[in-house]
Amino acid sequence: MRTRIYILCILCIALLSPAMQAQQKNRAVSRSTNEIFILRGSVLDTETMKPVNKVNVEVTGGAYTKTGRDGEFRIEAKVGDELVVKSEDFETVYYTVKDKQRIRVEVRPLEEAIALEQMQDVEEELVSYKTYLSEAQSVYRRDAAAGVDQVAKALAIEGLSSQERAESFKLLGDIYSFWKQYDLAITNYKLSIKNTPSTAVEIALAKAYYNNKSYQESIRLYKRLESKKLTPQQLVTVKEGLGDAYVATGDYVTSITNYEAVERTVSELNKVSEAARVRTKIGDAYDQQGAQQEAASNYNKAAQLSSLEKTESSVRAKTNIADYYSRNKSYDAEIELRKSAIEDLSVVAPDSISNDDVITTQKQNYKIGFALAAQNKYDESITFLNKSIEEAKRKEDLTVETNARRRLSEVYRDKGDIDKFKEAYEAYKEVVDLSYNRKEQEISQATRFAKDITEQQNRIISLEKDRQLNESRYQLAFQEQELVKARDTRQKVIIGSLILVTALLMLTAFAMYRSSKKQQYANNVLALKSLRSQMNPHFIFNALNSVNSFIATNDERTANRYLSDFSILMRAVLENSEEDFIPLSSEIDLIKRYTMLEHFRFKNRFDYEIVVDKELDVDAFMIPPMLLQPYVENAVWHGMRYKEEKGKLQITFAQKDEETAVITVSDDGVGRKRSKELKTENQKKQKSKGMGNIKKRIAILNEMYGDRISVAVSDIFENGEGTQVQLFIKKA
């Protein structure tokens, strides 16, 4: 008994010490945030863990140095500075200084750097469309930005056919899907289908919807695809995709129906491994539904099928079944399946499987060790945990290595071997520190990656909009030329036919009147497209400024979440950008998300309230997209930004009468007059393009569709403070 108490005490001290040290460390950092000190560190090659010399190390806007032969460097810095580590031989690493502790920066060499540089030296006009796409295909799995850049160059070539543009946007969708940027993948798959409809691209779009957790959109598209003429493999993909989507929404009965249809088809095609994999999905659905007997039956059938072939699909089936056995504490059955999966992996080419995959050898050895430990078979557990650690080290899988070392220390502790426990726990702490440093680098690089990718995608979208605008202008010019020819013909007929001169003159006048009306309508349509093409970049520019500012003042995780919400908003804006009017309900969703993002950034500056009258039928009224955003933006930036105390923003949607809805945007800010006085000279020189575009859009839409929109702006208080904007929307 005393021995057990002693062991528990040692364990508590070991676990609590890092936390106590971290607290003391944080207090020390807070006292010396602005203090300049000598930061020491080293730069190591990730693959060989050897020091890298002659590496440029600099503090953004500050000191500079380089590493010596031992890879060591010293540089003046302070907490919060951004450290830039760069060389032509590896990708640039950005590291934020957290404290005065020594740091270790790992860099990954750039393979084929010389080949890429030579490729960029080739004159662009000599590079064909196919060459750009081929280069993108070869590099995007290693370098997403390089792949996107090559596709952008292909799209910039003039005279591409609709099929070629469709291929380019499809490849962009594949690139973004591979790098898990599913919202951007959706946008590009849609552009591909818009240029040239394709069943294969629609299936890829449905998968992207599912991965983006847009399950209802995924289900709708899959069900629409069911009615098309599909190949057997496409039908299998569609049915399995439906099954996955219904599982995600909790509709297990419908998911099982679709999985069973897939299982029958692949069985008829003698695809045993595929049948085993689908059987495990059926078992999963029954398991989540709580039908344990049916789940066990399907898992057993899957286990029998998976033993007939050695393929990647059969390995996945075995690991899924093993997970089921683990949940039900059937450890012997679990261990047997995992050992069989490891044996099959040696035949299936294990090096082609990424560390993120659930079927890797190191993960299976770790889970076997875990299962053996649960049975108190400590010596056998230690053997498999060590195998997992060695495999994880070889493949640089820090996540599995960390988990395996932690579990190994726990096994030694439970076994009563205190010396081995201490040794294993120290090794675990070292790996945790290494994992933490690498994770910081990955977060920093992921933030920059998302920003760079979004900027490149915006450039591609702008390029496509410009192309569409030029095509529209060409069509209008062609129509004008045709009208001129028709008018000349009529004039010749008039001169040659004096008898019909009066009738022809009346006919010509009527035709010219109709032509003028058509021309005026076409000009209005063109003007609206032009204003929309200005509106979206204007909104994107302002929003990205907010994102940049937020990233500069907050931690990376919060910034990533902000970027994720921003990307969802951008997708909705882009989807509505081609419409003159959208339902008021859609505009309410957009303004709610936009106001949420602004409040997320300026929580201490204002509170807001959005009120929708229950009597208002939001689907009965139509409104131009993004009409409210500039008014809300003005209220935040020009009304409440200059206010000393916390402000209040209120947006209400109500029904004035049967045919009219009224939208009110009010704030208790400093007011329009005071806001102008507080502007800097540089700000006074700049004109508000957003408000100007809104006025022009309203004027054109009222001319085309009748006076359906009106705006009234007024001060709320007698002293000029507070601003109220009222928009009156009439039914179509």
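Structure's up top.
What counts as what
Residues numbered from 1 in each chain as written. Predicted model: local features only at pLDDT ≥ 70, side-chain atom pairs only at ≥ 80, totals over all residues. Heavy atoms only, no water. Helix = DSSP H or I, 4+ residues; strand = E, 2+ residues; numbered from the N terminus. Buried < 20%, exposed > 50% of the residue type's maximum accessible area, 1.4 Å probe, protein only. Contact = heavy atoms within 4.5 Å. Areas by Shrake-Rupley, 256 points an atom, 1.4 Å probe, with all protein chains shown as cover. Pairing = 2+ DSSP bridges. Axes fitted to C-alpha atoms, helices over the stretch in contact; angles between N-to-C directions. Phe/Tyr/Trp six-rings, centres within 6.5 Å; stacked < 30°, edge-to-face > 60°. Lys NZ or Arg CZ within 6 Å of the ring centre and 35° of its normal. Expected span 1.5 Å × (residues − 1). Core = buried A, V, L, I, M, F, W, Y, C linked by side-chain atoms within 4.5 Å. Salt bridge = Lys/Arg side-chain N within 4 Å of Asp/Glu carboxyl O. Parallel < 35°, antiparallel > 145°, perpendicular 65-115°, else oblique. Left-handed = near helix turned anticlockwise from the far one by under 90°. Nonpolar A, V, L, I, M, F, W, Y, C, P; charged D, E, K, R; others polar.

(A) Geometry of the overall build of the protein. Helix and strand counts for the protein come out as 25 helices and 14 strands. Of all 732 residues assigned to the protein, the portion counted as buried reaches 44%. For the protein, the proportion of contacts with a sequence separation of at least 24, taken over those separated by at least 6, is 63%. By element, 50% of the accessible surface of the protein is carried by carbon and sulfur atoms, the whole surface being about 39,600 Å².

(B) Structural context of the sheet that holds strand 5 (residues 82-87). Strand order in the open sheet formed by four strands is 3-2-5-6, with antiparallel pairing between adjacent strands. Across the chains shown, the open sheet's two edge strands, defined by having one partner strand only, are strand 3 (64-66) and strand 6 (90-96). Strand-to-strand twist in this sheet, taken as the mean axis angle between neighbours without regard to direction, amounts to 20 degrees. By the bridge criterion, four bridges tie strand 2 (residues 56-59) to strand 5 in an arrangement that is antiparallel. Pairing of Val-59 across the sheet is with Leu-83, part of strand 5.

(C) Local environment of the packing of aromatic side chains. Evaluated as defined, the whole model comprises seven aromatic pairs. Each ring, one from Tyr-366 and one from Phe-370, has its centre 6.1 Å from the other, and the planes form 65 degrees; the classification is edge-to-face. In this pair, Tyr-366 and Phe-370 are both assigned in helix 15 (residues 361-374), four residues apart and thus about one turn of the helix distant. Look at Tyr-366 and you get buried, because its relative accessible area is 14%. Clustering of aromatic rings is evident, with ring pairs tying together Tyr-140, Phe-178 and Trp-179. In this structure, Arg-407 is placed above the aromatic ring of Phe-370, and the distance from its NZ or CZ to the ring centre is 4.4 Å. Here the guanidinium or amino end of Arg-708 rests over the ring plane of Phe-581, the centre of that ring lying 4.2 Å away.

(D) Structural view of the side chain of Arg-405. Following the sequence through the fold, Arg-405 ends up in helix 17 (residues 398-415). Every residue in contact with Arg-405, bar those within four places of it in the chain, is listed here: Ile-389, Lys-393, Ala-424, Ala-427, Tyr-428 and Val-431.

(E) A look at helix 21 (residues 584-601). The terminal C-alpha atoms of helix 21, which comprises 18 residues, lie 26 Å apart, in line with the 26 Å expected from a rise of 1.5 Å per residue. Listing the buried residues of helix 21 in full gives Leu-584, Ser-585, Glu-587, Ile-588, Leu-590, Ile-591, Tyr-594, Thr-595, Leu-597, Glu-598, His-599 and Phe-600.

(F) Just the nonpolar core, in detail. By size, the foremost hydrophobic cluster in this structure holds 42 residues, and its most contacted members are Leu-584, Ile-623, Leu-649, Phe-653 and Ile-663. Elements supplying a minimum of two residues to this core: helix 20 (556-576), helix 21, helix 22 (629-640), strand 11 (647-657), strand 12 (660-667), helix 25 (689-705) and strand 14 (723-730). Here this core gets seven residues from one element, more than from any other, and that element is helix 21. Look past the residues within four positions of Leu-649 in its chain and what remains in contact with it is Thr-595, Phe-606, Asp-607, Tyr-608, Glu-609, Val-632, Ala-635, Val-636, Met-640, Val-665, Ser-666 and Asp-667. In this structure, Val-148, Leu-184, Tyr-189 and Ile-203 belong to the second largest nonpolar core, which totals 40 residues.

(G) Layout of the pattern of salt bridges. Summed over the entire model, instances satisfying the criterion amount to 31 salt bridges. We note a salt bridge from Glu-391 to Lys-395, for which the minimum N-O separation is 3.3 Å. Comparing Glu-391 with Lys-395 shows no difference in burial state: the two are buried. One network of salt bridges, in which partners are shared, links Glu-240, Asp-244, Glu-274, Arg-277 and Lys-281.

(H) A look at the packing of helix 11 (residues 272-289) against helix 13 (residues 312-327). Put simply, helix 11 and helix 13 touch, their axes get as near as 7 Å, and they point 25 degrees apart. Viewed along their axes, helix 11 and helix 13 adopt a mutual orientation that is roughly parallel. Helix 13 is crossed by helix 11, and the crossing has left-handed handedness. Where helix 11 approaches helix 13, its residues Ser-273, Glu-274, Ala-276, Arg-277, Thr-280, Asp-284 and Asp-287 are matched on the opposing element by Ser-313, Ser-314, Ala-317, Asn-320, Ile-321, Tyr-324 and Arg-327. Broken down by class, the residue content of the contact of helix 11 with helix 13 amounts to four nonpolar, five polar and five charged.

(I) Structural detail: the packing of helix 16 (residues 378-394) against helix 17. Look at helix 16 against helix 17: their axes get within 9 Å of each other, and the N-to-C directions meet at 160 degrees. Accordingly, the angle class assigned to the pair helix 16 and helix 17 is roughly antiparallel. Where helix 16 crosses over helix 17, the handedness of that crossing is left-handed. Seen from helix 16, the contacting residues are Tyr-378, Asp-379, Ser-381, Ile-382, Leu-385, Asn-386, Ser-388, Ile-389, Ala-392 and Lys-393; seen from helix 17, they are Val-400, Glu-401, Ala-404, Arg-405, Arg-407, Leu-408, Val-411, Tyr-412, Asp-414 and Lys-415. Of the residues assigned to the contact of helix 16 with helix 17, the class counts are 10 nonpolar, three polar and seven charged.

(J) View of the sheet that holds strand 14. An order of 9-11-12-14-13 is seen for the five strands of this open sheet, with the pairing classed as mixed. Single-partner strands in this sheet number two, and they are strand 9 (606-612) and strand 13 (709-715). Here the strands of the sheet are splayed against their neighbours by 15 degrees on average, with no regard to which way each runs. Two strands pair when backbone bridges link them, and strand 11 and strand 12 are joined in this way by eight bridges, in the antiparallel orientation. Counterpart to Asp-657 in the pairing with strand 12 is Thr-660. This element, helix 21, spans strand 9, strand 11 and strand 12 of the sheet and lies at about 165 degrees to strand 9. Strands strand 9, strand 11, strand 12, strand 13 and strand 14 of the sheet are contacted by helix 22, whose axis makes an angle of about 150 degrees with strand 11.

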